[in-house]
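Architecture and fold: a report
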Amino acid sequence: MSILHWVVLSPFLYTLLIPIAYKLMKKVHTGWFILPLPILLFIYFCSNIGATSNLQAKTESIAWIPSLGIDFSVKLDGLGMLFSLLISGIGALVILYSIYYLDKNKEKINQFYVYLLLFMGAMLGVVLSDNLIALYMFWEITSISSFLLIGFWNNRSNSRYGAIKSMAITVFGGLSLLAGIILLYIMTGSFTISEIITIVQQESIISHPLFILAMICILLGAFTKSAQFPFHIWLPDAMEAPTPVSSYLHSATMVKAGIYLVARLSPVFAVSGYWIWIVSLVGIITLLYGSFFAVKQVDLKGLLAYSTISQLGMIMSLLGIGAAGAHYNNDSVYYVATAAAVFHLVNHATFKGSLFMMVGIVDHETGTRDIRRLGGLMKIMPITFAIALIGSLSMAGIPPFNGFLSKEMFFASMLNIREFNMFQLDTWGVLLPIIAWIGSIFTFVYSMILVFKTFTGRYQPEKLSTKPHEAPMGMLISPIVLVSLVLVFGLFPGLLANTILSPAITSIYGGGVYDLHIYHWHGFVPELFMTIGVIVFGTILYLTVRKWAVIYQSIPVIWNSIYDKLFGETENLFSRMTNRYMTGSLRTYLFYIFTFFILILSYTLFAKDGFTIDTLRLAPIGGYEVVLSLVLVVSAISILFSKSRLTSIILLGAVGYTVSLFYVVFRAPDLALTQLVIETVSVALFLLCFYHLPRNARKKESIPFKLSNAVISVLVGLVIMLIAIASYSTKLFDSISQYYVENTYLKAAGENMVNVILVHFRGFDTLFEIAVLSIAAIGIYSMITLRMGGKKNENK
């Protein structure tokens with residue numbers, strides 16, 4: 001395997017060492033043992049920036065299931081580099097933050113870091129996989145690991161609810177994604193992403209009848225993972241996770257997986273106007289919905305959750321507009337929109353990651369996240385206030401921070417969409433910049449609420465459970481680094497422009513190196529006036545928020561109710577179904593099993609013309625066979641009517657001994673001897689066991705005859721008989737018996753064919769059977785020894 005493969009697998013392998021480190025270094029926080037890994041990964045990716053900047057993608061592949069065209073292929077290009085730097089870089093800062101946030105004496109930190117590394121490895125697998133099946137495998141691991149992280153505090157009902165909700169919605173999207181991948185394979189004949197893009201460029205697949213269905217399935221996977229409307233409802237409930245989890249999963253990584261999928265597969269589906277419209281409209285609606293309802297939240301993490309929904313919608317809409325530019329060969333529109341999308345990916349990770357950490361600090365030091373109980377913390381927690389101020393102003397799109405630059409590019413992209421004449425975009429398209437502008441106003445409002453309602457105003461110590469103070473420096477390092485990047489990328493965007501952003505833009509649709517220039521002053525252009533309008537109207541709305549916020553009381557929030565109703569009714573339905581057949585009666589269970597057994601096997605046998613009778617190779621039936629058959633049948637039936645244990649054992653033994661006589665008649669003396677030994681031992685053991693059992697109760701209990709049971713019994717026997725006849729009569733291959741006849745003596749130097757088969761040809765099978773018996777014997781001996789030891793202790 002290549003280094004790139006080991007990079008993807010390293011977090012999974014590192015998890016194996018966590019239990020050892022946790023046991024051996026109990027005095028040291030396990031996070032210090034974990035921290036070097038993301039740092040080394042970040043350094044590795046930084047060392048490859050030069051190659052990706054020159055559009056030199058690193059591709060490695062190893063065979064996984066070559067017969068199905070499934071390989072473990074990894075590709076590090078501009079887009080993969082962008083996401084890998086976020087995953088490893090933010091991951092290192094989150095782990096450092098968690099060392100001071102999570103108490104090693106109170107929390108199960110070994111489990112926490114196992115889940116976190118599983119998630120980190122899965123995200124690297126998603127963004128670096130060049131094979132769709134491998135991507136899907138890692139995609140689902142992100143859902144599982146995020147479920148474990150969200151529900152980390154599983155003693156809290158809200159944590160369990162949020163974890164289940166996120167799992168249900170994202171796994172539904174994952175299954176939809178798998179369906180889309182399979183449909184895409186049917187259309188192109190390949191699972192490799194780079195090959196699929198090449199195939200689509202060479203021949204059009206838009207006319208394929210499965211194209212729209214595949215597109216919808218893949219978009220469902222992307223929308224559910226990136227919390228797009230109306231699948232956004234899982235993200236606010238996921239805020240019950242520890243703050244390091246929220247900062248990592250819900251600002252920088254997991255929620256960006258859907259963004260990555262849309263960007264990576266845009267070259268495949270952007271040939272369709274449906275892709276452009278769906279991605280753009282869903283994104284812009286999500287932007288407006290998230291920003292509008294963020295203002296309503298009184299929990300700081302809840303506010304950040306809805307703001308994340310809003311920001312993700314903004315990035316998604318930009319990808320839709322970029323796809324429109326590529327579709328109409330308008331390079332300026334494509335590059336501006338796509339550059340804004342990838343730039344805001346980075347900006348959002350920096351300011352939102354720092355804000356989540358800031359909220360965690362406030363919660364950690366004051367004991368609450370309720371805005372109504374906070375206020376006046378600016379003098380008590382000045383460093384935390386500075387972090388909140390810089391992060392909030394960047395999120396609001398205020399210069400000179402990085403959020404302002406990408407927000408300006410966002411407005412420019414929304415205005416550019418009016419250039420197209422697709423589905424009357426020249427008329428309806430004017431709504432997109434209007435919606436974007438309104439959503440940005442509410443973004444400004446909730447950004448101001450976040451910082452000023454928390455840190456200014458009246459200090460309310462009586463509403464706080466602890467006396468607040470500034471956080472320890474160890475907890476402040478990570479958010480300080482992130483807000484420093486907010487300022488650095490805002491003042492010097494050229495650091496990212498042609499090293500990280502431009503290669504990412506080019507790697508989506510291909511083409512040459514694009515010389516990207518990002519600067520603050522563009523002149524008196526419409527987007528500048530839109531920004532001024534956002535600040536003016538946003539300030540007015542913030543100052544008057546108490547007067548107009550009453551409108552939220554008249555707006556029903558139905559999406560959570562729909563989920564709860566659907567989930568609850570589904571659970572009740574399946575509970576009722578389960579109670580129908582889980583009666584506790586073995587007879588009932590066997591009735592269901594045998595009924596399906598009869599229906600499915602008999603249907604398959606006759607519907608597929610599988611039943612045949614071939615009597616040519618049957619041996620003649622003699623008098624011995626007839627007599628033995630009658631004895632066998634009479635003995636078996638008599639057991640059912642026997643009232644004595646001794647009689648039942650004798651009749652059961654008669655059945656076994658009769659079978660051994662069949663072996664004698666059919667000239668298999670070794671099998672007959674084996675059957676006689678087994679039967680003798682079985683009869684002796686039965687007699688010994690039943691001798692020590694209490695006598696039968698004299699009370700007679702009549703068991704009513706049930707026709708259904710009798711019919712099922714007869715039909716099971718009949719189906720088995722028909723299958724046996726059909727299997728004997730159907731010879732698809734030559735019998736292997738002739739091989740043993742010819743090679744028993746030549747290859748194994750043995751004359752007893754059965755013994756040679758057991759010892760030589762099936763030696764490993766026999767060895768494993770002996771091993772199983774040995775394990776069972778050891779277990780029985782241990783149980784007897786423990787029981788005897790327990791009795792001795794009782795006697796003492």
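Residues numbered from 1 in each chain as written. Predicted model: local features only at pLDDT ≥ 70, side-chain atom pairs only at ≥ 80, totals over all residues. Heavy atoms only, no water.

Focus on the overall build of the chain
Selection criterion: The secondary structure listing takes helices from DSSP runs of H or I that are at least 4 residues long and strands from runs of E that are at least 2 residues long, numbered from the N terminus. We compute the radius of gyration over the C-alpha atoms and compare it with the globule rule, which gives 2.2 Å times the number of residues raised to the power 0.38. Relative accessibility decides the category of a residue: with a 1.4 Å probe and only protein chains considered, values under 20% of the type maximum give buried, values over 50% give exposed, and everything between is partly exposed. Working rule for contacts: check all heavy atoms of both residues, and any pair within 4.5 Å makes them a contact.
A tally of regular secondary structure across the chain gives 34 helices and 2 strands. Against the globule reference of 28 Å for 796 residues, the chain gives a C-alpha radius of gyration of 35 Å, more extended than a compact globule. Each principal axis of the C-alpha distribution contributes one length, and for the chain these read about 110 × 75 × 55 Å. Here the chain holds 796 residues, and 48% of them are scored as buried. Of the contacts made within the chain by residues no fewer than 6 positions apart, 79% connect residues no fewer than 24 positions apart.

A closer look at the side chain of Lys352
What counts, and what does not: When charges are counted, Lys and Arg contribute as positive and Asp and Glu as negative, whereas His and the chain ends are disregarded. Whenever Lys or Arg places a side-chain nitrogen within 4 Å of a carboxyl oxygen from Asp or Glu, that contact is recorded as a salt bridge.
Here Lys352 is to be found in helix α17 (residues 331–366). One buried charge, Lys352, has no salt-bridge partner; the nearest side chain with opposite charge is Asp299, at 13 Å. What Lys352 contacts, discounting residues up to four positions off in sequence, is Ser251, Leu304, Ser307, Thr308, Gln311 and Met395.

Structural notes on the nonpolar core
Nonpolar side chains tend to gather and get buried jointly when the protein is soluble and globular. Stated formally: Throughout, nonpolar core names a set of buried Ala, Val, Leu, Ile, Met, Phe, Trp, Tyr and Cys residues whose side chains join them through atoms within 4.5 Å.
Formed by 205 residues in total, the largest nonpolar core has its most connected members in Phe45 and Phe269. With 20 residues, the top contributor of residues to this core is α17. Apart from residues lying up to four places away in sequence, Phe45 is in contact with Val7, Leu76, Met81, Ser84, Leu85, Ser88, Leu124 and Leu128.

Side note on the pattern of salt bridges
Overall, the coordinates contain 8 salt bridges when judged by the stated rule. Ionic pairing is found between Asp370 and Arg372, a salt bridge with its closest N-O pair at 2.9 Å. Judged by relative accessible area, which is 53%, Arg372 ranks as exposed. Salt bridges linked by common partners bring Asp299, Asp363 and Arg369 together as one network.

Overview of the confidence of the model for the chain
The condition that has to hold: What pLDDT reports is the predictor's confidence in each residue, on a scale of 0 through 100.
Of all residues in the chain, 96% have pLDDT values of 70 or greater, and the mean over the chain is 88. Here helix α20 (residues 425–428) stands out as the least confident element of the chain, with mean pLDDT 54; helix α4 (residues 36–47) is the most confident, with 95.

Regarding the environment of Pro694
Tracing the backbone shows Pro694 in the loop between α30 (669–692) and α31 (707–729). For the pair Pro694 and Ile169, spaced 525 residues apart in the sequence, the C-alpha separation amounts to 57 Å.

As for the packing of α17 against helix α19 (residues 402–416)
Counted only if it meets this: Angles shown run from 0 to 180 degrees and are taken between the N-to-C directions of axes, each axis being a line fitted to C-alpha atoms and, for helices, limited to the stretch in contact. An angle counts as roughly parallel when it lies under 35 degrees, as roughly antiparallel when it exceeds 145, as roughly perpendicular when it falls between 65 and 115, and as oblique in every other case. Less than a right angle of anticlockwise turn of the near helix away from the far helix marks a crossing as left-handed, whereas a clockwise turn marks it as right-handed.
One can describe the packing of α17 onto α19 by two numbers: an axis separation of 8 Å at closest approach and a directional angle of 150°. Of the possible angle classes, the one that applies to α17 and α19 is roughly antiparallel. Note on packing geometry: the crossing formed by α17 with α19 is left-handed. Here Val333, Val336, Ala337, Ala339, Ala340, Phe343, His344, Asn347, Thr350 and Phe351 of α17 come into contact with α19, specifically with Asn402, Gly403, Leu405, Ser406, Met409, Phe410, Ala412, Ser413 and Asn416.

Quick notes on empty space enclosed by the protein
The condition that has to hold: Cavities and pockets were defined on a 1 Å grid built from protein atoms only: a cavity is a group of points that admits a 1.4 Å probe but offers it no way out, a pocket is an open group of points flanked by protein on both sides within 12 Å along at least five of seven lines, and a lining residue is one with an atom within 4 Å of any such point. Grid points are joined across faces, edges and corners, and a volume is the space filled by probe spheres set on the points. In the scheme used here, Gly and all other residues not listed as nonpolar or charged are polar, with Ala, Val, Leu, Ile, Met, Phe, Trp, Tyr, Cys and Pro taken as nonpolar and Asp, Glu, Lys and Arg as charged.
Overall, the coordinates contain 4 cavities of 30 Å³ or more when judged by the stated rule. The calculated volume of the second largest cavity comes to roughly 40 Å³. As for the second largest cavity, its lining consists of Ala396, Gly397, Lys407, Phe411, Ser440, Thr531 and Val534. Of all the elements in the fold, those that place two or more residues in the lining of the second largest cavity are α19 and α24 (526–543). Residues that form the lining of the second largest cavity fall into these classes: 3 nonpolar, 3 polar and 1 charged.

Observations regarding helix α27 (residues 586–607)
Quick note on the threshold: To estimate the expected span of a helix, count its residues, drop one, and scale the result by 1.5 Å.
With 22 residues, α27 should cover 32 Å at 1.5 Å per step; its first-to-last C-alpha distance of 31 Å lies within 8% of that length. In the segment just after α27, Asp609 is the residue with positive phi, at about 55°.

Side note on the environment of Trp234
Structurally, Trp234 can be placed in helix α12 (residues 234–237). Residue class for Trp234 comes out buried when judged on its relative accessible area of 0%. Expressed as a C-alpha distance, the spacing of Trp234 and Ala305, which sit 71 residues apart in the sequence, is 9.8 Å. Once you skip the residues sitting within four places of it in the chain, Trp234 turns out to touch Lys165, Ser166, Ile169, Thr170, Thr224, Lys225, Ala227, His250, Met254 and Val255.

Looking at the packing of aromatic side chains
Selection rule: Ring pairs are drawn from Phe, Tyr and Trp, using the six-membered ring of Trp, whenever the two centres fall within 6.5 Å, and their geometry is named by plane angle: stacked under 30 degrees, edge-to-face over 60, tilted for the rest.
Taken as a whole, this structure holds 38 aromatic pairs when the rule is applied. When the centroid spacing of 5.8 Å and the interplanar angle of 45° are considered together, the rings of Phe606 and Phe611 count as tilted. Residue classification places Phe606 among the partly exposed positions, given a relative accessible area of 47%. The exposure class of Phe611 is partly exposed, given its relative accessible area of 27%. Taken together, Phe229, Tyr289, Phe292, Phe293, Phe442, Trp548 and Tyr552 form an aromatic cluster joined through their ring pairs.

Quick word on a nonpolar patch on the surface
Going by this rule: Within the patch definition used here, like charges are joined within 9 Å and nonpolar side chains (Val, Leu, Ile, Met, Phe, Trp, Tyr) within 5 Å, considering only residues with over 30% relative accessible area and no salt bridge. Shrake-Rupley sampling with a 1.4 Å probe provides the accessible areas, and residues are treated as covered by the protein chains on show and by no other component.
On the surface, Leu573, Phe574, Met577, Tyr581, Met582, Phe591, Tyr592, Phe596, Leu599 and Ile600 cluster together into a nonpolar patch covering about 980 Å² of accessible area. Taken together, the elements giving at least two residues each to the nonpolar patch come down to α26 (559–581) and α27. Here the nonpolar patch takes 5 residues from α27, the largest share from any one element. Here Met582 shows up in the loop between α26 and α27. The partly exposed category is assigned to Met582, whose relative accessible area is 46%.

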